[in-house]
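Tertiary structure, described
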Amino acid sequence: EMCIRDRYQRRVRGLERTLDHLRMQRTRSPITSHVLDTTLGKPAQGVRVLLEVQAGSGWNTLAESSTNADGRVEGLLPLDYDIKVGVYKMTFFTAEYFKKLETRSFYPFVEIVFELNNVSQHYHIPLLLSPFGYSTYRGS
């Protein structure tokens, strides 16, 4: 019985070291995004993005940022952020973006809710955006 418990504890410590090593090896935020304005055919610069994680029946804010000149949100979370399995939500404040362009739009914001189930993977959430529609998919 003692040998089995010792082996189990050694295995758990080894897995914890492996997970710590994977976290340290990150070269980008574990969650990133890219917004493309399909009407203009170019990246959507300056879109405010909010990242939240589900906590019971509510949401906890993790980060807020804006898309860069390439339409990307890359540094949303620190490289060493201890990402957890769970349900996450990215909110894109699209009305603000289109207002700056003096363009009428239909969706004031876009919420993309996704499930993160493998902490060693990178999650990329692209948004293809126009004033009257949007599309998303699991990117790489």
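For the structure itself, consult the block above.
Quick summary incoming for the structure in this document. (Residues numbered from 1 in each chain as written. Predicted model: local features only at pLDDT ≥ 70, side-chain atom pairs only at ≥ 80, totals over all residues. Heavy atoms only, no water.)

**Quick word on the overall build of the chain**
Scanning the chain for helices and strands turns up two helices and nine strands. The order of helices and strands in the chain, counted from the N terminus, is α-β-β-β-β-β-β-α-β-β-β. For 140 residues, the compact-globule estimate of 2.2 N^0.38 gives 14 Å, and the chain exceeds it by more than 25% at 19 Å. With respect to the principal axes defined by its C-alpha atoms, the chain has extents near 70 × 30 × 20 Å. Looking at the chain as a whole, 34% of its 140 residues qualify as buried. Within the chain, contacts between residues at least 6 apart in sequence are counted, and of these 61% link residues at least 24 apart. Total accessible area computed for the chain in this model is approximately 8,800 Å², and 52% of it derives from carbon and sulfur atoms. Computing the positive centroid from 18 side-chain charges and the negative centroid from 15, the chain places the two 4 Å apart. (Helix = DSSP H or I, 4+ residues; strand = E, 2+ residues; numbered from the N terminus. Rg over C-alpha atoms; globule rule 2.2 N^0.38 Å. Buried < 20%, exposed > 50% of the residue type's maximum accessible area, 1.4 Å probe, protein only. Contact = heavy atoms within 4.5 Å. Areas by Shrake-Rupley, 256 points an atom, 1.4 Å probe, with all protein chains shown as cover. Lys, Arg positive; Asp, Glu negative; His and termini not counted. Charge placed at Lys NZ, Arg CZ, Asp CG, Glu CD.)

**So, the pattern of salt bridges**
The final tally for this structure, using the stated rule, is six salt bridges. For the salt bridge of R48 with E96, the shortest nitrogen-to-oxygen distance reads 2.6 Å. Of the two residues, R48 sits in strand β3 (residues 48-55) while E96 sits in helix α2 (residues 94-100), which places them 48 residues apart along the sequence. Taking the shortest distance from any N to any O, the salt bridge between D70 and R72 comes out at 2.9 Å. Here R72 falls in the partly exposed class, since its relative accessible area comes to 27%. (Salt bridge = Lys/Arg side-chain N within 4 Å of Asp/Glu carboxyl O.)

**Structural notes on the sheet that holds strand β6 (residues 86-92)**
Each strand in a sheet pairs with another by means of backbone hydrogen bonds, the pair being arranged parallel or else antiparallel. A sheet is described by the order of its strands in space; here four strands give the open sequence β4-β3-β6-β7, paired in antiparallel fashion. Edge strands, defined here as strands with exactly one partner in the open sheet, are β4 (58-66) and β7 (110-116). Pairs of neighbouring strands in the sheet enclose a mean axial angle of 25°, with direction left out of account. Across eight bridges, the pairing between β3 and β4 is antiparallel. Its bridge partner being in β4, V49 is matched across the sheet by S65. (Pairing = 2+ DSSP bridges. Axes fitted to C-alpha atoms, helices over the stretch in contact; angles between N-to-C directions.)

**Some thoughts on the packing of aromatic side chains**
Given two aromatic rings, their pairing is described by the distance between the two centres and the angle made by the two planes. Per the counting criterion, the structure on display carries four aromatic pairs. Measuring from centroid to centroid gives 5.0 Å for Y97 and F98, while their planes differ by 70°, and the two rings are edge-to-face. In this pair, the class of Y97 matches that of F98, namely buried. A centroid spacing of 4.9 Å and a plane angle of 80° characterise the contact between F106 and Y107, whose relative ring orientation is edge-to-face. Note on F106: relative accessible area 57%, which makes it exposed. (Phe/Tyr/Trp six-rings, centres within 6.5 Å; stacked < 30°, edge-to-face > 60°.)

**Details of unusual backbone geometry**
Both trends apply: most residues other than glycine have a negative phi, and most peptide bonds are in trans. At E102, a residue that is not glycine, the phi angle is positive and equals roughly 55°. Take E102: its relative accessible area is 75%, and that puts it in the exposed class.

**Examining the side chain of E52**
Tracing the chain through its elements places E52 in strand β3. For E52, a relative accessible area of 11% gives the class buried. With residues up to four places along the chain from it excluded, the contact list for E52 reads W59, N60, T61, L62, V87, Y88, K89 and T91.

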